[in-house]
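# Observations on the model geometry
The lines below spell out each chain.
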Amino acid sequence: MTPKFTAADIAMFTGLPPAVLAILDRAIVWRRFRAGEEIIDRQSESREVFFVVSGKVRVVLYSISGREITLDDIGPGGHFGELAALDGEPRSASVMAVDAAVLGCIGDDTFRKLATETPALALAVMRRLAAVVRTSSGRILDLSTLGANNRVHAEILRLARLGAKDAASAAISPIPVHSDLASRVSTTRETVARVMSDLSRQGILKREKNALMVLDVPRLAAIVEDVRGEP
């Protein structure tokens, strides 16, 4: 049985007036997905907006040959599906559950009405879309200017900064799967394995039981910045 959740459990709705939360409680449909289950199919005509309250989901595209390209991982507090709800176009990507996940979803009409009538919600949507644009711009730059090895360096650096322990070191947990890293930076698992092995020999990475330790974040950053030509 799906645990009992309310609109107040959704991060985007934090701080909304009780009257608005009451409307949302009547509108939200709560759904549970198994790990590996598809939530949204790219090019489908669905328009719901989904909010993650537990578990993790992955936004992906598939090449003609069937290779998976990861665009984003979204955990509790995140949401997805707003593009189709806003512009009425087909879905721009597929979404699958990485872990067992519980999601709340609302229809596009309700989402647009609330977004246009609730400034705090509209601002949250704009901030999310701005973040998507910034992330996409960075990925395009990396794909255009970095070789496969360097794209792996850049992705490990990004993950390290998310899990920073201090200015010099970081713990990435759970340990990233080679195929997931390869999907994110458009390369092969073999390339990822080779790069991580090289970084380990250089004393930058160390694999522990429950985490991938980045022992020298500044040195990894210097490797990435040197190739990008950043100061």
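As shown above, the structure is provided for reference.
Just so you know, these numbers come straight off a predicted model, no measurement behind them. (Residues numbered from 1 in each chain as written. Predicted model: local features only at pLDDT ≥ 70, side-chain atom pairs only at ≥ 80, totals over all residues. Heavy atoms only, no water.)

What follows concerns unusual backbone geometry. The linkage connecting Ser-173 with the following residue, Pro-174, adopts the cis geometry, with an omega of 0 degrees. Mapping Pro-174 onto the fold places it in the loop between strand 9 (170–172) and helix 6 (178–185). You will see that Gln-43, though not glycine, has its phi angle at about 75 degrees, which is positive. Mapped onto the elements of the fold, Gln-43 is located in the loop between strand 2 (38–40) and strand 3 (49–54). (Helix = DSSP H or I, 4+ residues; strand = E, 2+ residues; numbered from the N terminus.)

This part is about the layout of surface pockets. The gaps of empty space that remain are located by a probe, the size of a water molecule, rolled over the atoms. Computed from the structure, the largest pocket encloses a volume of approximately 950 Å³. Along its surface, the largest pocket is lined by 34 residues, and Glu-155, Arg-158, Leu-159, Leu-162 and Arg-184 are the ones closest to its centre. At the level of elements, strand 5 (68–74), helix 4 (119–145), helix 5 (148–162), strand 9 and helix 6 are the ones that each hand at least two residues to the lining of the largest pocket. Top element by residues in the lining of the largest pocket is helix 5. It accounts for 8 residues. The calculated volume of the second largest pocket comes to roughly 660 Å³. A per-element tally of the lining of the second largest pocket places helix 4 first, with 9 residues. Tallied by class, the residues present in the lining of the second largest pocket amount to 16 nonpolar, 5 polar and 6 charged. (1 Å grid on protein atoms, 1.4 Å probe; cavity = no way out; pocket = protein on both sides within 12 Å on 5 of 7 lines; lining within 4 Å. Points joined across faces, edges and corners; volume = space filled by probe spheres on them. Nonpolar A, V, L, I, M, F, W, Y, C, P; charged D, E, K, R; others polar.)

Running from N to C, helix 5 and helix 7 (residues 189–201) point in directions that differ by 65 degrees, and their axes come no closer than 10 Å. One element, helix 5, and the other, helix 7, form an angle in the roughly perpendicular class. Crossing hand, helix 5 versus helix 7: right-handed. Side by side, helix 5 and helix 7 meet where Ala-148, Asn-149, Val-152, His-153 and Ile-156 of the first sit next to Thr-191, Val-192, Arg-194, Val-195, Met-196 and Leu-199 of the second. Considering only residue class, the contact of helix 5 with helix 7 consists of 7 nonpolar, 3 polar and 1 charged. (Axes fitted to C-alpha atoms, helices over the stretch in contact; angles between N-to-C directions. Parallel < 35°, antiparallel > 145°, perpendicular 65-115°, else oblique. Left-handed = near helix turned anticlockwise from the far one by under 90°. Contact = heavy atoms within 4.5 Å.)

This next bit is on the nonpolar core. The biggest cluster of nonpolar side chains holds 25 residues, and the ones touching the most others in it are Ile-156, Ile-172, Met-196, Leu-199, Leu-205, Val-214 and Leu-220. Looking at this core, the elements with two or more residues in it are helix 5, strand 9, helix 6, helix 7, strand 11 (212–214) and helix 8 (217–228). In terms of residue count, helix 5 provides more of this core than any other element does, 6 residues in total. Sequence-distant contacts of Leu-199, defined by excluding residues within four places in its chain, comprise His-153, Ile-156, Ile-204, Leu-205, Leu-220 and Ile-223. (Core = buried A, V, L, I, M, F, W, Y, C linked by side-chain atoms within 4.5 Å. Buried < 20%, exposed > 50% of the residue type's maximum accessible area, 1.4 Å probe, protein only.)

Looking now at the packing of helix 6 against helix 7. Following both chains from N to C, one finds helix 6 and helix 7 inclined at 105 degrees, their axes separated by 8 Å at the closest point. Regarding the angle of helix 6 to helix 7, the classification is roughly perpendicular. Together, His-178, Ser-179, Leu-181 and Ala-182 of helix 6 and Arg-189, Val-192, Ala-193 and Met-196 of helix 7 make up the contact between the two elements. Here the contact of helix 6 with helix 7 is built from residues that sort into 5 nonpolar, 2 polar and 1 charged.

One pass over the full model with this rule turns up 1 cavity of 30 Å³ or more. Considering only enclosed or pocket space, the largest cavity measures out at about 30 Å³ in volume. Considering the residues around the largest cavity, the lining is formed by Ile-10, Ala-11, Met-12, Phe-51, Val-52, Gly-77, Gly-78 and His-79. When grouped by side-chain class, the residues that make up the lining of the largest cavity number 5 nonpolar, 3 polar and no charged.

Strand order in the open sheet made by the 3 strands is 9-11-10, with antiparallel pairing throughout. Edge positions in the sheet fall to strand 9 and strand 10 (205–207), since each of these pairs with one other strand and no more. The mean inter-strand angle of the sheet, taken between neighbouring strand axes irrespective of direction, is 25 degrees. Pairing of strand 9 with strand 11, which is carried by 3 bridges, proceeds in the antiparallel orientation. Residue pairing in the sheet places Ala-170 in a bridge with Val-214 of strand 11. (Pairing = 2+ DSSP bridges.)

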